[in-house]
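# Tertiary structure, described
Next come the chains, spelled out residue by residue.
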Amino acid sequence: MKKKIRFIVITLLILFILIVGAIMLLHGKNIEVLNPKGVIAQKEMGLIITVCLLISIVVVPLFVLTIYTAYKYREENTSAKYLPEWDSDPILEIIWWAIPASIILVLSIIVWHTSYTLNYYRPINSKVTPVTIQVVSLDWKWLFIYPKERIASVNFIEIPKNTPIDFDLTSDSVMNAFWVPNLAGQIMTMPGMITQLHILAYDDGIYHGLSSNISGAGFAGMRFAVQVSSSKNFNRWVKSTQKSGNILTMQSYKQLEKPSSYNPKKLYSLKDDSLFNSIVMKYLIPSTEKIFMLSDSKG
Amino acid sequence: MSILGKLSINAFPHDVITLGGAIMMIVAILIGIFYVTYTKRWHWLWSEWITTTDHKKIGVMYIFVSIVMGLRGFADVLLMRVQQATSVGSSHGILSANHFQQIFSAHGVIMIFFVAMGFLFGIINLVLPLQIGSRDVAFPFLNATSFWLFSAGMVLMNASLIIGNFTYAGWLSYPPLSELKYSPGVGVDYWIWSLQVAGLGSLLSGINFLVTIIKLRCKGMTLMRMPLFTWSVFGTMVLVILAFPILTVTLALLYLDRTVGTHFFTASGGGNMMMYVNLIWSWGHPEVYILVLPSFGIFSEVVSVFSRKRLFGYRSMVWAIWAIVVLSFIVWLHHFFTMGAGSNVNAFFGMMTMIIAVPTGVKIFNWLFTMFGGRIKFNASMIYFLGFIFLFTLGGVAGVMMAVPAIDYQLHNSLFLVAHFHTMIVSGVLFGDFIGIMYWFPKIFGFKLIDFYGRVAAYLWIIGFIVAFGPLYILGFMGATRRLDHYPAYTGWQSLFIVAGIGVGIIAIALVFQFLQLIISYIKKNENFDTTGDPWDGRTLEWSTSSPPPHFNYAILPEVESRDAFWEEKQRTDKNVQDKKYEDIPVVKNTPLAMYIGAMACIFGFCAVWHIWWLLALSLLTIIVLIMIRTTDEETEYVIPASEVAEIDKKVQWKV
Amino acid sequence: MESVNTQIQQVPKYDKTDDTIVFGFWVYLMTDCVLFAALFAVYAVLHNNTFGGPDGAQIFSPSYVLVETIALLTSSFTCGIGLISAYNMQKNRVIGWFSVTFLLGLSFVVMEVAEFSHLIHSGDSFKRSAFLSSYFTLVGTHGLHVTVGLIGMLILIIRIYTKGLTKASVRRLTLLSLFWHFLDIIWIFIFTIVYMLGFS
């Protein structure tokens, strides 16, 4: 009976590994975190590999030792030495306090270093002038504003290749998180606050972005496409968007702001330069009528 | 406002699945009532269980509630897996987004608060007083009250299925999504009050067990002679005491925001939503260790007993527990590295998080060397334990990865994270609870569980778990975030979601085997009676009394002179048999007051959810009166005279 | 607090359960301490977020708060004397001193309620800004604790009056006075952090 169970267990595990392996081969390019197309994502992937290797210094011996111990000291094996009173060994214990601790020490240095170099707020060094994009998460779509280019878009961004992109992010509803796995890690967006993200993409293509923080009914539909293209194509796209019939002002923004989900890509020409600013500020100062009422009641 | 507050006929479910769930729940309750009536057990139920103040029975009731709740939590899992396997491209699956979100929120709340916490307090109740050689906990009535508050929270949580709805903002319901503006329904209020009531129960338990451990240890049991399980419960209770008040405050402030219009966490009005996230995680992270530490204690006991060897590195183990206790309070920020805190802050919390891996690793090595040089009996418990070592270590690797802020940016809130914490909680907490229940089952019920079904269940659990969560690790790398009710076809996620669904199917079969184990062991209990009180050749005091123990646990309180006291006692050859001197034993009387307090707390919570203020005031007043009745009652105890103790003890001896 | 513990041992028929109960109560007070710590932290985060509304200096009245403080601190003193009388089994003194304590505590609560209602009626309610939300909640939670203490005190006084000083009632007085002194300490923190720093 025992052997039968063992056989079933091993067959099932091998079958499972085969299935998962097949799926991974079929979807290789879909494993976005491990297929970076931007400098930040690339560094983050390198970090993942480094950390995995470092930890395996402890984990691999642990696993080998576990299998060895479990097999050798099984009840049936009476030839193994039985040491019922052996309950401490200072040297061994020092080893397994010290070795993990020293690996953690190395890792800590990595943590410290990368917390600075991969910080969201750290601009990317480049000779090319960066493009600024202001991001607003709404119920349940993303609004992207290009203040310099005077255009805006919903659920779509186009960015030039090898150019640093500076994102300023906020929210005009609940918390969300902006994530394009191919390009960089996620950052939260919050109403009344501005967070930042800096990326640089080095490969043409269309990448997928999404929200990673639950924000209500339409949350799953908060997907957007990121088109990375040459700066020539980017400029052409900007020009054509500026001429597009859709105009974004505070007034049309009020329409856009209303909850809607699974919104298709839409492009605007921007007519209100202070739009992003007023979206942030509306949470930070009391509305004028309220101040009036209060000063009135205080007489 | 009407006399019933916000409550109206619209609160009852409309859609098919909720209705089905509600009807199933009501039918289950009716069957239960019918069964009890049919077998004429109301009196038995009332006098033996509902009014009891005996820690062993309270422990059994905790575990019973947890098992029932576990089934509900698992039903949520099935729905989620079906939804995520089918809702792709043009299909939107079987659930609406809103409904799906309620389900994963409910799943998280149920599994953490009403399954993991329930198992934990259940096992602690069963074992701890026995293990320290005490006749009961420090405050038996308070203990019963804790249980009924826990149950009241559970009832409130389940009431949301029938009347109203549950939160759809996740198990920690971050504002502003959980603020009135974005969640105008009663869902978040149900969430707040079920946690508030159950959390109060946990807090009172925390006080109770801390005092029990400090004050009620038997003669000779110095701190450094305490069994490891007791040590880990000690650490856990310190965490409970320091962490749960923060939860109480946080939930109360959110409720004030929603109900009276304060501005703690609102986007406007000067509120600070990031403060909520900080507060809830400064409870939430210690909570993780509250769940896992007692399991570590269980592993320590079981590995030592089934390897027939002393626990290796006792001192290291104790220090590791306290290192974890302290560190668990200074790592909470790692739950939101992506909020954009400064580099220094992120780096500090990242480093602290990784440091926790050291004491945890030390514990694993110590267990390994407890096995080393032993005679390991590979029963179901040890299979779970080996599964735990592998899964927990792999989950720990994932944890250390995410402790690096720059890596967390890529993996946070992805399914990689979901897979990580499920690995930690299922292998670390749930497997520990399973082991604990199998291990102490004969002590409480007097017969052993049949190991065969346990072994099959253990294998199936481990395989099922790998098949269910392996794909989720990969999906995280594929950019799949958590809580998605739908995704486009081009992502290529569907095949992995289907594999994960198969894994859940395997776990379902494992659950079937676990129930078979309970049922068949009960039917064949005559073959597995534990007549010695010591079925495993145990090491700690609880095995020195009979199975099941008398109400007062020990006819004569034990005295200990070393660690593994009972083992040492058994090894001694010069057993000096003395005449037993029995004494009168005071025992706390049964009382229904604790249950009444729980019922009133449930009504209180319900009224707070629906804004039925008059009834809320009335229930609060009733609670005050009930407490007054209890505190002014001078005759809460009765005394079992020494002669009767001697008689009971002799009966037990005779059985042996 | 050491003195309280040593005094307990003078109680007639001292037994171990009393010790356990008092220790349990200490642990409970610790949880309450964490609760207040969380509220203080919330206040510390939000106290500048006046959102166009008044700040502390504009709404707090130093003399008023000073009277409140004196009332509460004095009540702590009378409570202590009452407890000593309880250990000496002087029933009438116990009732007397605890009645004084009760009245002082009651006047504290009344003053606080009056202050709150004044603020609410002048438009500076807890809805006005995050600062006011946190102020009302922190001070109000303390006030609620004092009220609970007062209810307990009233019940105890009545019981001692009707049934006399028993072992159990002396123990309850011990717990009550622990609670009362604890609230005093919390109030000193509120006075310093909320009011004194608010004035400046």
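This one's a predicted model, so the numbers in the text were calculated from it and none came from an experiment.

A few words on the interface of chain B and chain A. With 107 residues of chain B at the interface, the matching set in chain A holds 98 residues. Around 9,100 Å² of area is buried between chain B and chain A when both sides are counted, 71% of it from carbon and sulfur atoms. When the area that chain B buries against chain A is broken down by residue, the three leading residues are Arg375, Tyr409 and Gln410 of chain B, summing to 9%. Across the contact surface, chain B and chain A share two salt bridges. Among the ionic pairs, Glu85 of chain A bridges to Arg310 of chain B, the shortest N-O distance being 3.0 Å. Summed over the shared surface of chain B and chain A, the result is 33 residue pairs in polar contact (both at pLDDT 80 or more). Listing elements by their share of the side of chain B that touches chain A, those giving two or more residues are α4 (97–131), α8 (273–306), α9 (314–327), α10 (343–371), α11 (380–403), α12 (405–411), α14 (451–477) and α15 (494–523) of chain B. In terms of residue count, the dominant contributor to the side of chain B that touches chain A is α10 of chain B (19 residues). In terms of residue class, the side of chain B that touches chain A is built from 67 nonpolar, 30 polar and 10 charged.

All names here are of chain B. The grouping of Leu71, Phe515, Leu518, Ile519, Tyr522 and Ile523 at the surface amounts to a nonpolar patch, some 570 Å² of accessible area in total. Among the elements that make up the nonpolar patch, the one with the highest residue count is α15 (five residues). Examined against the element boundaries, Phe515 turns out to sit in helix α15.

All names here are of chain A. Overall, mixed pairing links the seven strands, which are arranged β8-β5-β1-β2-β3-β12-β11 in an open sheet. Two strands in the sheet have a free side with no partner beyond their single neighbour: β8 (195–200) and β11 (247–248). Pairing analysis gives seven bridges linking strand β1 (residues 131–138) to strand β5 (residues 164–171), with the strands arranged parallel. Within the sheet, the bridge partner assigned to Val135 lies in β5 and is Leu169.

Per-chain confidence: chain A averages 89 in pLDDT, with 92% of residues scoring 70 or above. This stretch, residues 289–299 of chain A, has a pLDDT under 50; its non-local contacts, to residues over four places away or in other chains, come to six contacts.

Residue and element names in this part refer to chain A. Where burial is concerned, most of strand β6 (residues 176–180) is hidden: five out of the five residues are buried. Burial along β6 is two-sided: the residues Asn176, Phe178 and Val180 and Ala177 and Trp179 are all buried. Hairpin connection between β6 and strand β7 (residues 184–189): a loop of three residues separates the two successive antiparallel strands.

This part takes up the sheet that holds strand β10 (residues 223–229) of chain A. In a beta sheet, neighbouring strands pair by backbone hydrogen bonds and run either parallel or antiparallel. All names here are of chain A. The strand order across the open sheet built from five strands is β4-β10-β9-β6-β7, with neighbouring strands paired in mixed fashion. At either end of the open sheet lies a strand with only one pairing partner, and these are β4 (156–160) and β7. Averaged over neighbouring strand pairs, the angle between their axes works out to 20 degrees when direction is ignored. Helix-sheet contacts for helix α4 (residues 231–242) involve β4 and β10, and the interaxial angle to β4 is about 135 degrees.

Reading guide: rules and limits
- Residues numbered from 1 in each chain as written.
- Chains lettered and ligands numbered in written order.
- Predicted model: local features only at pLDDT ≥ 70, side-chain atom pairs only at ≥ 80, totals over all residues.
- Heavy atoms only, no water.
- Contact = heavy atoms within 4.5 Å.
- Buried area = accessible area lost by both parts, 1.4 Å probe.
- Salt bridge = Lys/Arg side-chain N within 4 Å of Asp/Glu carboxyl O.
- Polar contact = N/O pair within 3.5 Å; in protein donor to acceptor, adjacent residues only side chain to side chain.
- Helix = DSSP H or I, 4+ residues; strand = E, 2+ residues; numbered from the N terminus.
- Nonpolar A, V, L, I, M, F, W, Y, C, P; charged D, E, K, R; others polar.
- Patch = residues over 30% accessible without salt bridge, like charges linked within 9 Å, V, L, I, M, F, W, Y side chains within 5 Å.
- Areas by Shrake-Rupley, 256 points an atom, 1.4 Å probe, with all protein chains shown as cover.
- Pairing = 2+ DSSP bridges.
- pLDDT = per-residue confidence, 0-100.
- Buried < 20%, exposed > 50% of the residue type's maximum accessible area, 1.4 Å probe, protein only.
- Axes fitted to C-alpha atoms, helices over the stretch in contact; angles between N-to-C directions.

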